[in-house]
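Close look at the chain arrangement
What follows is each chain in one-letter form.
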Amino acid sequence: MRDLLPGEIELWQHVEGLARELFGRFGYGEVRTPMAEDTGLFVRSVGEETDIVGKEMYTFDDKGGRSLSLRPEGTAPAARAYIEHAINNKEPITRWFYMGPMFRYERMKTGRYRQFYQIGAEAYGSKEAAQDAEMMDMVVQFLGALELKDVTLNLNSLGDEACRPAYHAKLVEYLQAHREELCEDCKRRMETNPLRVLDCKNPTCQAVAAAGPNVLEFLCEPCRAHFDDLQRKLTVLGIKYVVNPRMVRGLDYYTRTVFEFIASHPALGTASTVGGGGRYDKMMKGLGGPDVPAVGFAMGLDRLVLLLKESGRTFTSPPDLFVAVADEGSQDAALALASRLRREGLRVDFDTRGGSLKSQMKRADKSGARFTLVLGEAERTSGQAKLKPMAGGDAIPVALDDVAKTLRAARLATAQAGPT
Ligand code: AMP
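Residues numbered from 1 in each chain as written. Predicted model: local features only at pLDDT ≥ 70, side-chain atom pairs only at ≥ 80, totals over all residues. Heavy atoms only, no water.

1. As for the pairing of strand 11 (residues 294-300)
Operational definition: Note on classification: 1.4 Å probe, protein chains only; a residue is buried when its accessible area is under 20% of the maximum for its type, exposed when over 50%, partly exposed between these limits. Only DSSP runs of H or I with at least four residues qualify as helices, and only runs of E with at least two residues qualify as strands; both kinds are numbered from the N terminus onward. A pair of strands counts as paired when DSSP detects no fewer than two bridges linking them.
Buried residues dominate strand 11, accounting for seven of its seven residues. Along strand 11, one buried face is formed by Ala294, Gly296, Ala298 and Gly300 and the opposite face, lined by Val295, Phe297 and Met299, is buried too. As defined by bridge partners, strand 6 (residues 115-124) adjoins strand 11 across seven bridges and the pair is classed as antiparallel. Counterpart to glycine 120 in the pairing with strand 11 is alanine 298. Sheet topology note: the strand 10 (residues 273-279)/strand 11 ladder contains five bridges and is antiparallel. From the neighbouring strand, arginine 279 faces strand 11, where its bridge partner is valine 295.

Pasting the structure below:
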């Protein structure tokens, strides 16, 4: 678990701000669910045999003896909230998004943390491929707004309760024949939940899985039509994708569509999946809720930020002004000037410790402020001061009453000139 500090946090805020704005354009409203939920919620939705539930959850008993878990993902909590508030009785289609920390006891490495952050969205009420396509379009537009390139959309269909049993049977038959090559976990999973063998992290198991039966060859007619329809709609939207029949994702609740966005940047190492999701038409009912189809996705905010960092773009906003104090007697006036300018919307730095003008100027330099104004007795008496551009150039004479106006004009001029 990490600390996020100023200097880096601006990247996070940039990503979060873009998501809020863009998801809003698609009609998604934000939900915030508790950090901890009843453990059973995740067992029944994500699945007992998944690594997430079987190995990675932070589970504890509260003082009332209830088993709670820190949420390892956001889809199940959102579904719980949807059911609890009977949202399906209020509207036929619901679009929600969320962002916040998730917790998994994973091995730490680049792009993999125990407290990590997801931005996710869920659309309830439509079983149509158009909903899947719209959601993928939103992710593509989001990645575009972040100016992240070289991210590939991988697509697959896992079928539904009509066609998956035949695939399961074939998969089990195949895995039985390769039993000795599988890890101990997978020997068990083969009996309890064979699909989970396909996302085992063990390289030998991965090799066995890669040569196994192809799920797409087992799709029933309605699932095939849904998958074809989705691909046609992605083409209409101009969204590029690759079909990857080996991709199953690490959660049990999916039916039909699953997808992942995979970045090819070396900075992510093996943690190259920046986001993923899929359809879960049966989960609501399985949790004791209404029979409502749904599709959702989650992006890893930590990984998006890693990629943004690599791009070298910065999102920090330096102060517009540093107010320096020339003499002891001007300290209060400087404090009041800084206060007034901040109230007027400017970013102002001010050394509350006072000290020599030289040390204050050093600090002004370090702060990255665009201008410095030295306030002393002369300025207070005349009501006139000078704005010294820290990047060099002539000082601008200014009336103390007009500082905000002048700085705003300077800000505007820089914005119009574009990034330097
Ligand atoms: P999942 O819920 O496993 O499908 O994960 C969705 C996305 O969350 C992944 O594609 C990652 O970008 C991100 N993610 C999952 N687990 C972690 C983790 N331990 N650390 C950082 N990001 C993660």
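Further notes follow.
2. Examining the site of the ligand
The line we're drawing: For this purpose, a residue is taken to be near a molecule or strand whenever a single non-hydrogen atom of the residue falls within 4 Å of it. Polar contact criterion, stated in full: a pair of N or O atoms within 3.5 Å, where within protein one must be able to donate a hydrogen and the other to accept it, and residues adjacent in sequence count only if both atoms are side-chain atoms. For the area figures, the Shrake-Rupley method with a 1.4 Å probe applies, and any residue is considered shielded solely by the protein chains shown. For this scheme, ten residues count as nonpolar: Ala, Val, Leu, Ile, Met, Phe, Trp, Tyr, Cys and Pro. Four count as charged, namely Asp, Glu, Lys and Arg, and the remainder, Gly too, count as polar.
The environment of the ligand is formed by 15 residues, the closest being Arg104, Glu106, Tyr113, Arg249 and Thr273. In this structure, a nitrogen atom belonging to the ligand sits 2.6 Å away from a side-chain N or O atom of glutamate 106. Residue tyrosine 113 places a main-chain N or O atom 2.8 Å away from a nitrogen atom belonging to the ligand. Relative to its unbound accessible area of 480 Å², the ligand is 92% covered by the protein chains. Among the elements that line the shell around the ligand, the one with the most residues is strand 10, at three residues. Classifying every residue of the shell around the ligand gives five nonpolar, five polar and five charged.

3. Comments concerning the packing of aromatic side chains
Our working rule: The criterion for an aromatic pair is that two Phe, Tyr or Trp rings (for Trp, the six-membered ring) have centres within 6.5 Å, with stacked assigned to planes under 30 degrees apart, edge-to-face to planes over 60 apart and tilted to the rest.
As enumerated under the stated definition, the model contains 12 aromatic pairs in all. Consider the rings of phenylalanine 23 and phenylalanine 97, whose centres lie 5.6 Å apart with planes at 85°: the pair is edge-to-face. With phenylalanine 23 in helix 1 (residues 9-25) and phenylalanine 97 in strand 5 (residues 94-103), this pair connects stretches of sequence that are 74 residues apart. Judged on exposure class, the residue phenylalanine 23 and its partner phenylalanine 97 are both buried. Ring geometry for tyrosine 82 against tryptophan 96: centres 6.0 Å apart, planes inclined by 70°, an arrangement best described as edge-to-face. On the criterion of sequence distance, the pair formed by tyrosine 82 in helix 4 (residues 75-84) and tryptophan 96 in strand 5 is long-range, its members being 14 residues apart. For the pair tyrosine 82 and tryptophan 96, a shared accessibility class is recorded, and that class is buried.

4. Notes on the environment of glycine 355
Within the secondary structure, glycine 355 sits in the loop between strand 13 (348-350) and helix 13 (357-367). Exposure remark for glycine 355: the relative accessible area of 53% places this residue in the exposed category.

5. A short note on helix 12 (residues 331-343)
Test applied: Between the first and last residue of a helix there are one fewer steps than residues, each counted as 1.5 Å, and that sum is the expected span. Only heavy atoms matter for contacts: two residues are in contact if any of them lie within 4.5 Å across the pair.
In this model helix 12 runs 19 Å from its N-terminal to its C-terminal C-alpha over 13 residues, within 8% of the 18 Å that 1.5 Å per residue would give. In this structure, the buried side of helix 12 is in contact with strand 12 (321-325), strand 13, strand 14 (371-375) and helix 15 (403-417). After helix 12 finishes, the residue glycine 345 shows a positive phi value of roughly 100°.

6. Re helix 11 (residues 301-310)
For helix 11, the buried fraction is high: eight of the 10 residues fall into the buried class. Within helix 11, the full set of buried residues consists of Leu301, Asp302, Arg303, Leu304, Val305, Leu306, Leu307 and Leu308. If you follow the buried residues of helix 11, they end up packed against helix 1, strand 6, helix 5 (129-145), strand 9 (257-263), strand 10 and strand 11. Following helix 11 by one or two positions, glycine 312 adopts a phi angle in the positive range, close to 80°.

7. Overview of the sheet that holds strand 15 (residues 384-389)
The line we're drawing: Axes here mean lines fitted to C-alpha atoms, for a helix over just the part in contact, with angles spanning 0 to 180 degrees between N-to-C directions.
Taken in spatial order, the five strands line up as 13-12-14-15-16 in an open sheet, and their pairing is mixed. Of all the strands in the sheet, the pair left with one neighbour each is strand 13 and strand 16 (396-399). Put simply, the sheet's adjacent strands are angled 30° from each other on average, direction ignored. As judged from the five bridges shared by strand 12 and strand 14, these two strands associate in the parallel manner. By the bridge assignment for strand 14, valine 323 is matched with leucine 373. Sheet strands in contact with helix 13 are strand 12, strand 13, strand 14 and strand 15, and its direction is about 170° off that of strand 12.

8. As for the pairing of strand 16
Where strand 15 lies against strand 16, four bridges are found, and the strand directions are antiparallel. Bridging across to strand 16, lysine 386 finds its partner in proline 397. Linkage of strand 15 to strand 16, two consecutive antiparallel strands, is achieved through a turn of six residues, within which glycine 392 is found at a positive phi near 105°.

9. Quick look at the nonpolar core
Condition: Side-chain atoms within 4.5 Å are what join buried Ala, Val, Leu, Ile, Met, Phe, Trp, Tyr and Cys residues into a set we call a nonpolar core.
Core analysis: the biggest nonpolar cluster contains 98 residues, and Val15, Phe23, Tyr28, Tyr124, Phe142, Phe297 and Leu304 have the highest contact counts within it. Setting aside chain neighbours within four positions, we find phenylalanine 297 in contact with Phe23, Tyr98, Ile119, Gly120, Ala121, Met135, Met138, Val139, Phe259, Gly276 and Gly277. Membership of the second largest hydrophobic core comes to 21 residues, among which are Leu321, Leu337, Leu341 and Leu373.

10. As for the sheet that holds strand 4 (residues 67-70)
Here three strands make up an open sheet; going across it, the order is 2-4-3 and the pairing antiparallel. Each having just a single partner strand, strand 2 (36-38) and strand 3 (59-61) make up the two edges of the open sheet. Strand-to-strand twist in this sheet, taken as the mean axis angle between neighbours without regard to direction, amounts to 35°. As defined by bridge partners, strand 2 adjoins strand 4 across three bridges and the pair is classed as antiparallel. Bridge pairing links aspartate 38 to leucine 68 in strand 4.

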